[in-house]
Amino acid sequence: MTPSRDARFTDDLAAWFSSAARDLPWRRSRNGYAALVSEAMLQQTQVSRVIEKFSTFMERFPTVQSLANAEEQQVLAAWQGLGYYRRARHLHAAAKKIMTDYDGQVPRDVVQLRTLPGVGRYTAGAIASIVFSHPEPIVDGNVQRLLARLDARHSPPVEEIWIRAEQLVRVAEKPGVFNEAMMELGATICTPKSPRCDACPVAQHCSARKRKMQSEIPVPKAAPRQEHVHHHAVVVMRRNLLLVEQRPETGLWSNMWQVPTFESMTALSAQSLAEQLKFRVNDLTKRESFTHMTTHRRISFHVFAGRTRARRGHWLQIDDTGELPMSAAQRRILDLAQQWFATPV
DNA sequence: AATGCGGGGAC
DNA sequence: GTCCCAGCATT
């Protein structure tokens, strides 16, 4: 495609975006810190999910300094429900690095941005272009699909997509607007399935549309194998206190909290579970089961109730568990426990 | 180049 | 049920 055609494409896209842009919390006031937080949250996460979390996180940690000074557990707790909790740890570490290495100011260029934990090629380009108007390309899932369709390519190598994105952002009048508009179009019009080409502001530029092959792009990729595991969660109350434990510092839900949970490849009976637990438990009874899906696992949660005379471990009031970072599945278990507590069987 | 890492909305 | 999302770090 020639530069002039590219320029017409970017012009049409920008014109559409000026009237179609959604009113999103992080678009209200642009600054490096808000962009860093929102972009971290938006990694592999849909806009609607981030809207729920962004404002409360910003109120809790309004500045780079406040985030840098926070405890990691507080940051994780503020991230609860968003998933991919490593992002929260990286964001926390990034805030510390900004304080020590960048005088408290989010860096403006991609080279410096890339030195921050959790900031990769996409995030650096997004902040540099959207906040600081640098002509840096970005490629996310939306842009990848959109450019593949624009040029009628079934499975273009991602590196070629980056080159194409760079060509386009170079001729765009406002790089940040162009980048945001590309993602907005991908999220709202040029969707993975059933793209709404009739409503597309750049349909006349689209090679896939011209060849009626837009629905063949992108080609579906093979789903990753899922292993099936069983998590046996044990709700133990002593008077009004609940026994909780911290997960290991590696792997799934690392460093987060849970009621004592034992993982195994098969579902265990109450008796065999009792033998696996690190503490003595009486009257262990299976109460509920539910399935929790993650990207690589299908987890069957089996929720047991029991009693113990053991004293060791962390005991806290069930109402106070809100301070601890816990997975959505463990939150669900606490909800069940509270129901039992309210209406004992 | 593959893999691990969450959770939920859309279909 | 499946797909996929404003990706990144590690191996």
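Heads up: these notes are all about the structure in this document. (Residues numbered from 1 in each chain as written. Chains lettered and ligands numbered in written order. Predicted model: local features only at pLDDT ≥ 70, side-chain atom pairs only at ≥ 80, totals over all residues. Heavy atoms only, no water.)

### Some remarks on the state of the cysteines
Part 1 of the reasoning: All chains considered together, the criterion is met by 0 disulfides.
Part 2 of the reasoning: In this model C197 remains outside any disulfide bridge; the closest cysteine sulfur is found in C206, 6.3 Å from its own.
Part 3 of the reasoning: Its relative accessible area of 13% is what places C197 among the buried residues. (Disulfide = S-S within 2.5 Å. Buried < 20%, exposed > 50% of the residue type's maximum accessible area, 1.4 Å probe, protein only.)

### Notes on the side chain of T191
Part 1 of the reasoning: Among the secondary structure elements, T191 is positioned in the loop between α12 (175-188) and α13 (207-210).
Part 2 of the reasoning: Here T191 falls in the buried class, since its relative accessible area comes to 17%.
Part 3 of the reasoning: Of the polar contacts made by the side chain of T191, one reaches the backbone oxygen of K193; its length is 3.0 Å.
Part 4 of the reasoning: Only 3.5 Å separates the side chain of T191 from the backbone oxygen of S194, close enough to count as a polar contact. (Helix = DSSP H or I, 4+ residues; strand = E, 2+ residues; numbered from the N terminus. Polar contact = N/O pair within 3.5 Å; in protein donor to acceptor, adjacent residues only side chain to side chain.)

### Description of helix α9 (residues 121-130)
Part 1 of the reasoning: Burial analysis of α9 places 9 of its 10 residues in the buried class, which makes it a mostly covered element.
Part 2 of the reasoning: Those residues of α9 not exposed but buried are Y122, T123, A124, G125, A126, I127, A128, S129 and I130.
Part 3 of the reasoning: Where α9 is buried, its residues contact α3 (32-42), α8 (110-113), α11 (158-171) and α12. (Contact = heavy atoms within 4.5 Å.)

### A few points about unusual backbone geometry
Part 1 of the reasoning: A cis geometry characterises the amide bond from I217 onward to P218, with omega recorded as 0°.
Part 2 of the reasoning: By the secondary structure assignment, P218 is in the loop between α13 and β1 (227-238).
Part 3 of the reasoning: One non-glycine residue with positive phi stands out, namely D103, at about 55°.
Part 4 of the reasoning: Relative to the helices and strands, D103 is located in the loop between α7 (86-101) and α8.
Part 5 of the reasoning: Although it is not a glycine, N255 sits at a positive phi angle of roughly 65°.
Part 6 of the reasoning: The residue N255 is located in the loop between β2 (241-246) and β3 (257-258) in this model.
Part 7 of the reasoning: Overall, the relative accessible area of 19% leaves N255 in the buried class.

### Observations regarding a positive patch on the surface
Part 1 of the reasoning: A grouping of R5, R8, K210 and R211 is seen on the molecular surface, where their side chains present a positively charged patch.
Part 2 of the reasoning: Given a relative accessible area of 55%, K210 falls into the exposed group. (Patch = residues over 30% accessible without salt bridge, like charges linked within 9 Å, V, L, I, M, F, W, Y side chains within 5 Å. Areas by Shrake-Rupley, 256 points an atom, 1.4 Å probe, with all protein chains shown as cover. Salt bridge = Lys/Arg side-chain N within 4 Å of Asp/Glu carboxyl O. Lys, Arg positive; Asp, Glu negative; His and termini not counted. Charge placed at Lys NZ, Arg CZ, Asp CG, Glu CD.)

### Points about α12
Part 1 of the reasoning: Look at α12: 20 Å from first C-alpha to last across 14 residues, which is about the 20 Å you get at 1.5 Å a residue.
Part 2 of the reasoning: Burial of α12 is extensive: 11 of the 14 residues sit out of reach of the surface.
Part 3 of the reasoning: For α12, the complete set of buried residues consists of P175, G176, F178, N179, E180, A181, M182, M183, E184, L185 and G186. (Expected span 1.5 Å × (residues − 1).)

### Notes on the packing of aromatic side chains
Part 1 of the reasoning: Evaluation of the coordinates by the stated rule reveals 5 aromatic pairs.
Part 2 of the reasoning: Plain terms: the ring middles of W26 and F54 are 5.6 Å apart, the flat faces sit at 75° to each other, and that makes the pair edge-to-face. Residue W26 is located in helix α2 (residues 25-28), and its partner F54 is located in helix α4 (residues 47-60); the two are separated by 28 residues in the primary sequence.
Part 3 of the reasoning: The class for W26 is buried, based on a relative accessible area of 6%.
Part 4 of the reasoning: Overall, F54 belongs to the buried group, its relative accessible area being 5%.
Part 5 of the reasoning: Put simply, the rings of F57, F61 and W79 pair up and form one aromatic cluster.
Part 6 of the reasoning: Of note, R121 hangs over the ring of W162, and the distance from its end group to the ring centre comes to 3.9 Å.
Part 7 of the reasoning: Directly above the aromatic system of W340 lies the positively charged group of R287, at a separation of 4.4 Å from the ring centroid. (Phe/Tyr/Trp six-rings, centres within 6.5 Å; stacked < 30°, edge-to-face > 60°. Lys NZ or Arg CZ within 6 Å of the ring centre and 35° of its normal.)

### Looking at the protein's contact with DNA strand C
Part 1 of the reasoning: Taken together, 30 residues sit near DNA strand C, with G118, G120, Y122, T123 and D140 positioned nearest.
Part 2 of the reasoning: Between Y122 and DNA strand C, the recorded distance is 3.2 Å, taken from a side-chain N or O atom to a base nitrogen.
Part 3 of the reasoning: In this structure, R145 approaches DNA strand C through a side-chain N or O atom, which is 3.0 Å from a phosphate oxygen.
Part 4 of the reasoning: Going through the elements one at a time, α2, α3, α9, α10 (141-150) and α12 are the ones with two or more residues in the surface near DNA strand C.
Part 5 of the reasoning: Classifying every residue of the surface near DNA strand C gives 11 nonpolar, 10 polar and 9 charged. (Near = heavy atom within 4 Å. Nonpolar A, V, L, I, M, F, W, Y, C, P; charged D, E, K, R; others polar.)

### Thoughts on the pairing of β1
Part 1 of the reasoning: Taking burial as the measure, the 12 residues of β1 include 9 buried ones, the bulk of the element.
Part 2 of the reasoning: Pairing geometry for β1 and strand β6 (residues 297-307), over 10 bridges, is parallel. If you follow V234 over to β6, its bridge partner there is F304.
Part 3 of the reasoning: In the sheet, β1 pairs with β2 via 2 bridges, with the strands oriented antiparallel. Note on β2: the bridge partner recorded for M237 is L242.
Part 4 of the reasoning: Connecting β1 to the antiparallel partner β2 that follows it, the hairpin turn spans 2 residues, and R239 within it adopts a positive phi of roughly 55°. (Pairing = 2+ DSSP bridges.)

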